[in-house]
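Structural description and commentary
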Amino acid sequence: VALFAPAAAAQSAGGFYAGAAAGVDFMPDRGLSIDATVGSQKFSLPTTSKWKTGWGVTFTAGYAWDLGLRTEIEYSFREQKIASFDQNPWSGTQWDNSLMANVLYDIPTGIALQPYVGAGIGGAHISWGDNFRPTGTSIIYDGSGVKFAWQAIVGAEYAVTPRLTATLDFRLKGSDGYTFPSTSGVIADKFDYLTRRVLLCFLYAFGS
(Lines give C-alpha, C1' and ligand atoms only; values in the text may rest on other atoms or scores of the structure.)
Protein backbone atom coordinates (compact mmCIF):
# COMPACT_ATOMS: atom_id res chain seq x y z
CA VAL A 1 0.00 0.00 0.00
CA ALA A 2 1.31 3.48 -0.71
CA LEU A 3 2.28 5.49 2.35
CA PHE A 4 0.68 8.82 1.57
CA ALA A 5 -1.95 8.13 -1.07
CA PRO A 6 -4.45 10.88 -1.94
CA ALA A 7 -7.75 11.39 -0.14
CA ALA A 8 -9.08 8.81 2.32
CA ALA A 9 -6.63 6.12 1.25
CA ALA A 10 -3.87 8.01 3.08
CA GLN A 11 -5.41 7.18 6.43
CA SER A 12 -5.30 3.43 5.91
CA ALA A 13 -1.87 3.35 4.27
CA GLY A 14 1.16 1.83 5.95
CA GLY A 15 4.82 1.07 5.41
CA PHE A 16 8.36 2.34 5.67
CA TYR A 17 9.35 5.79 4.43
CA ALA A 18 12.35 8.11 4.33
CA GLY A 19 12.55 11.85 4.02
CA ALA A 20 14.83 14.86 3.74
CA ALA A 21 14.09 18.48 4.60
CA ALA A 22 15.67 21.94 4.67
CA GLY A 23 14.54 25.25 6.06
CA VAL A 24 15.16 28.32 8.19
CA ASP A 25 15.81 28.43 11.92
CA PHE A 26 14.85 31.22 14.32
CA MET A 27 16.24 31.58 17.86
CA PRO A 28 14.36 33.90 20.22
CA ASP A 29 16.39 35.92 22.74
CA ARG A 30 17.87 33.50 25.28
CA GLY A 31 18.95 34.22 28.83
CA LEU A 32 22.13 32.91 30.46
CA SER A 33 24.64 33.98 33.10
CA ILE A 34 28.29 34.95 32.80
CA ASP A 35 30.05 33.53 35.85
CA ALA A 36 33.49 34.42 37.20
CA THR A 37 35.52 33.81 40.34
CA VAL A 38 37.79 36.55 41.72
CA GLY A 39 39.75 35.34 44.71
CA SER A 40 37.18 33.68 46.93
CA GLN A 41 34.29 35.66 45.50
CA LYS A 42 31.96 34.31 42.83
CA PHE A 43 30.11 36.66 40.52
CA SER A 44 27.17 35.92 38.20
CA LEU A 45 25.97 38.43 35.60
CA PRO A 46 22.55 37.82 33.99
CA THR A 47 22.83 38.21 30.22
CA THR A 48 20.53 38.11 27.19
CA SER A 49 21.78 36.62 23.93
CA LYS A 50 20.42 37.59 20.51
CA TRP A 51 20.78 35.43 17.40
CA LYS A 52 20.73 35.82 13.63
CA THR A 53 18.44 33.73 11.42
CA GLY A 54 20.02 30.36 10.72
CA TRP A 55 19.39 27.29 8.61
CA GLY A 56 18.88 23.58 9.17
CA VAL A 57 18.50 20.20 7.48
CA THR A 58 16.71 17.06 8.62
CA PHE A 59 16.79 13.40 7.59
CA THR A 60 14.10 10.96 8.73
CA ALA A 61 13.29 7.27 8.54
CA GLY A 62 9.97 5.98 9.79
CA TYR A 63 6.97 3.71 9.56
CA ALA A 64 3.36 4.67 8.87
CA TRP A 65 0.84 2.60 10.82
CA ASP A 66 -2.89 2.30 10.28
CA LEU A 67 -5.27 5.17 11.14
CA GLY A 68 -2.76 7.94 10.42
CA LEU A 69 -0.16 7.21 13.11
CA ARG A 70 3.54 7.53 12.22
CA THR A 71 6.71 6.82 14.20
CA GLU A 72 10.11 7.97 13.01
CA ILE A 73 13.77 8.60 13.86
CA GLU A 74 15.09 12.05 12.94
CA TYR A 75 18.61 13.41 12.61
CA SER A 76 18.87 17.19 12.31
CA PHE A 77 21.64 19.77 11.93
CA ARG A 78 21.25 23.49 12.58
CA GLU A 79 23.66 26.42 12.34
CA GLN A 80 23.16 29.93 13.71
CA LYS A 81 25.42 32.90 14.29
CA ILE A 82 25.37 35.01 17.44
CA ALA A 83 24.44 38.70 17.11
CA SER A 84 24.96 40.20 20.57
CA PHE A 85 25.01 39.74 24.34
CA ASP A 86 23.08 42.57 26.05
CA GLN A 87 23.35 44.74 22.90
CA ASN A 88 27.15 44.25 22.77
CA PRO A 89 28.24 42.75 19.42
CA TRP A 90 29.56 39.19 19.47
CA SER A 91 30.91 36.89 16.77
CA GLY A 92 30.78 33.13 16.49
CA THR A 93 28.64 30.19 15.45
CA GLN A 94 26.40 27.72 17.25
CA TRP A 95 25.87 24.19 15.90
CA ASP A 96 23.12 21.77 16.87
CA ASN A 97 23.34 18.07 16.03
CA SER A 98 20.29 16.21 17.32
CA LEU A 99 18.80 12.73 17.23
CA MET A 100 15.07 12.53 17.99
CA ALA A 101 12.32 9.93 18.12
CA ASN A 102 9.00 11.36 16.89
CA VAL A 103 5.37 10.31 16.95
CA LEU A 104 3.03 12.02 14.46
CA TYR A 105 -0.66 11.83 13.64
CA ASP A 106 -2.07 12.63 10.19
CA ILE A 107 -5.47 14.25 10.71
CA PRO A 108 -8.07 12.82 8.26
CA THR A 109 -9.47 15.30 5.74
CA GLY A 110 -10.57 13.10 2.82
CA ILE A 111 -8.42 15.10 0.37
CA ALA A 112 -4.77 15.04 -0.74
CA LEU A 113 -3.88 17.98 1.56
CA GLN A 114 -4.02 17.10 5.26
CA PRO A 115 -2.62 18.53 8.50
CA TYR A 116 -0.58 16.63 11.07
CA VAL A 117 0.66 17.11 14.62
CA GLY A 118 3.45 15.43 16.53
CA ALA A 119 6.03 15.47 19.31
CA GLY A 120 9.50 14.09 19.84
CA ILE A 121 12.18 13.45 22.46
CA GLY A 122 15.87 12.73 22.15
CA GLY A 123 19.28 14.32 22.60
CA ALA A 124 20.86 17.55 21.37
CA HIS A 125 24.60 18.18 21.00
CA ILE A 126 25.09 21.98 21.11
CA SER A 127 28.50 23.51 20.29
CA TRP A 128 29.92 27.02 20.32
CA GLY A 129 32.92 27.83 18.12
CA ASP A 130 34.22 29.78 15.12
CA ASN A 131 35.82 32.41 17.43
CA PHE A 132 32.75 32.70 19.66
CA ARG A 133 33.63 35.88 21.54
CA PRO A 134 32.81 39.52 22.30
CA THR A 135 33.77 41.60 19.26
CA GLY A 136 37.17 43.22 19.69
CA THR A 137 38.45 40.96 22.47
CA SER A 138 40.69 37.91 22.58
CA ILE A 139 38.43 36.02 25.03
CA ILE A 140 37.02 32.99 23.22
CA TYR A 141 34.12 30.87 24.46
CA ASP A 142 34.21 27.29 23.28
CA GLY A 143 32.89 23.84 24.10
CA SER A 144 29.87 21.65 23.68
CA GLY A 145 27.42 19.51 25.61
CA VAL A 146 24.74 16.87 25.15
CA LYS A 147 21.37 17.34 26.87
CA PHE A 148 17.87 15.92 26.75
CA ALA A 149 15.79 17.59 24.01
CA TRP A 150 12.10 17.81 23.15
CA GLN A 151 10.13 19.16 20.22
CA ALA A 152 6.57 19.91 19.14
CA ILE A 153 5.52 19.62 15.48
CA VAL A 154 2.60 20.95 13.44
CA GLY A 155 2.33 20.94 9.66
CA ALA A 156 0.52 20.00 6.48
CA GLU A 157 1.27 17.41 3.82
CA TYR A 158 0.31 17.04 0.18
CA ALA A 159 0.35 13.75 -1.76
CA VAL A 160 2.27 14.61 -4.95
CA THR A 161 2.10 10.96 -6.09
CA PRO A 162 1.05 7.76 -4.28
CA ARG A 163 4.68 7.41 -3.12
CA LEU A 164 5.95 11.00 -2.88
CA THR A 165 4.63 13.47 -0.31
CA ALA A 166 5.62 17.11 0.26
CA THR A 167 5.28 18.55 3.76
CA LEU A 168 5.64 22.01 5.28
CA ASP A 169 5.91 22.16 9.04
CA PHE A 170 6.81 24.25 12.07
CA ARG A 171 8.94 22.72 14.84
CA LEU A 172 9.61 24.14 18.30
CA LYS A 173 12.63 22.49 19.93
CA GLY A 174 14.21 22.99 23.35
CA SER A 175 17.12 21.72 25.44
CA ASP A 176 18.29 23.18 28.76
CA GLY A 177 21.34 23.64 30.96
CA TYR A 178 24.40 24.17 28.74
CA THR A 179 27.74 25.53 29.99
CA PHE A 180 30.53 26.98 27.84
CA PRO A 181 33.98 27.84 29.30
CA SER A 182 36.22 30.60 27.97
CA THR A 183 39.95 31.14 27.60
CA SER A 184 39.85 33.72 30.43
CA GLY A 185 38.29 31.41 33.02
CA VAL A 186 34.91 33.13 32.75
CA ILE A 187 32.01 30.73 32.10
CA ALA A 188 28.81 31.14 30.11
CA ASP A 189 26.35 29.14 32.19
CA LYS A 190 22.67 28.20 32.45
CA PHE A 191 22.08 28.54 28.70
CA ASP A 192 18.68 27.13 27.76
CA TYR A 193 18.49 26.36 24.05
CA LEU A 194 15.25 27.03 22.17
CA THR A 195 14.70 27.21 18.43
CA ARG A 196 11.81 27.60 16.00
CA ARG A 197 12.15 26.07 12.56
CA VAL A 198 10.13 26.07 9.32
CA LEU A 199 10.90 23.08 7.07
CA LEU A 200 10.04 21.96 3.57
CA CYS A 201 10.32 18.16 3.41
CA PHE A 202 9.85 15.40 0.84
CA LEU A 203 8.92 11.90 1.99
CA TYR A 204 9.22 8.76 -0.14
CA ALA A 205 7.23 5.61 0.65
CA PHE A 206 8.67 2.12 0.15
CA GLY A 207 6.82 -1.18 -0.14
CA SER A 208 4.08 -2.48 -2.37
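A brief look at the structure comes next. Everything numeric in this text was worked out from a predicted model, so none of it was measured.

1. What to know about the environment of Ile187
- Looking at the element boundaries, Ile187 is found in strand E10 (residues 187-205).
- Judged by relative accessible area, Ile187 falls into the partly exposed class, the value being 32%.
- When sequence neighbours within four positions are dropped, the list of residues in contact with Ile187 reads Ser33, Ile34, Asp35, Tyr141, Thr179, Phe180 and Pro181.

2. Notes on the layout of surface pockets
- Reported here for the largest pocket is a volume of approximately 170 Å³.
- Every residue lining the largest pocket is listed: Ile34, Leu45, Thr47, Phe85, Asp86, Asn88, Trp90, Pro134, Ile139, Tyr141, Ser184 and Val186.
- When residues of the lining of the largest pocket are traced back to their parent elements, those giving at least two are strand E3 (41-51) and strand E6 (88-106).
- Tallied by class, the residues present in the lining of the largest pocket amount to eight nonpolar, three polar and one charged.

3. Digging into unusual backbone geometry
- A positive phi angle, near 65°, is found at Leu67, a position not held by glycine.
- Checked against the element boundaries, Leu67 lands in the loop between strand E4 (54-64) and strand E5 (69-85).
- Residue class for Leu67 comes out exposed when judged on its relative accessible area of 67%.
- Notably, Asn131 is not glycine yet its phi reads approximately 55°, a positive angle.
- In this fold, Asn131 is placed in strand E7 (residues 113-134).

4. Some points on the environment of Trp90
- Within the element layout of this structure, Trp90 appears in strand E6.
- Assessed through its relative accessible area of 10%, Trp90 is described here as buried.
- Discounting residues that sit within four places of it in the chain, Trp90 has contacts with Ile82, Ala83, Ser84, Phe85, Phe132, Arg133, Pro134, Thr135 and Tyr141.

5. Section: empty space enclosed by the protein
- By the definition in use, this model includes two cavities of 30 Å³ or more.
- Together, 16 residues line the largest cavity, and Thr167, Asp169, Arg171, Cys201 and Leu203 are the ones closest to its centre.
- Of all the elements in the fold, those that place two or more residues in the lining of the largest cavity are strand E1 (15-26), E4, E5, strand E9 (164-181) and E10.
- Top element by residues in the lining of the largest cavity is E1. It accounts for four residues.

6. Considerations on the side chain of Asp169
- Relative to the elements of secondary structure, Asp169 occurs in strand E9.
- Within polar-contact distance, the side chain of Asp169 engages the side chain of Arg171 at 3.0 Å.

7. What to know about the pattern of salt bridges
- Applying the stated criterion across every chain yields a total of 12 salt bridges.
- Here Arg171 and Glu74 are joined by a salt bridge, their closest N and O atoms 2.4 Å apart. Of this pair, Arg171 sits in strand E9 while Glu74 sits in strand E5, and the two are 97 residues apart along the sequence. Assigned by exposure class, Arg171 and Glu74 land together as buried.
- In this structure, the salt-bridge partner of Lys173 is Asp96, at a minimum N-O distance of 2.8 Å. Pair noted here: Lys173 is in strand E9 and Asp96 is in strand E6, with a separation of 77 residues, a long-range link. An identical accessibility class is assigned to Lys173 and Asp96; each is buried.
- Overlapping salt bridges bring together Asp25, Arg78, Asp96 and Lys173 as one network.

8. Quick word on the nonpolar core
- Residues Phe85, Trp128, Phe132, Tyr141 and Phe191 are the most contacted members of the largest nonpolar core, which totals 20 residues.
- The set of elements that each furnish at least two residues to this core consists of strand E2 (30-38), E5, E6, E7, strand E8 (141-159), E9 and E10.
- Tallying contributions element by element places E7 first for this core, with four residues.
- Residues in contact with Phe85, not counting those within four places in the same chain, are Leu32, Ile34, Thr47, Thr48, Ser49, Trp90, Trp128 and Phe132.

Here is what the cut-offs are and how they apply
- Residues numbered from 1 in each chain as written.
- Predicted model: local features only at pLDDT ≥ 70, side-chain atom pairs only at ≥ 80, totals over all residues.
- Heavy atoms only, no water.
- Helix = DSSP H or I, 4+ residues; strand = E, 2+ residues; numbered from the N terminus.
- Buried < 20%, exposed > 50% of the residue type's maximum accessible area, 1.4 Å probe, protein only.
- Contact = heavy atoms within 4.5 Å.
- 1 Å grid on protein atoms, 1.4 Å probe; cavity = no way out; pocket = protein on both sides within 12 Å on 5 of 7 lines; lining within 4 Å.
- Points joined across faces, edges and corners; volume = space filled by probe spheres on them.
- Nonpolar A, V, L, I, M, F, W, Y, C, P; charged D, E, K, R; others polar.
- Polar contact = N/O pair within 3.5 Å; in protein donor to acceptor, adjacent residues only side chain to side chain.
- Salt bridge = Lys/Arg side-chain N within 4 Å of Asp/Glu carboxyl O.
- Core = buried A, V, L, I, M, F, W, Y, C linked by side-chain atoms within 4.5 Å.

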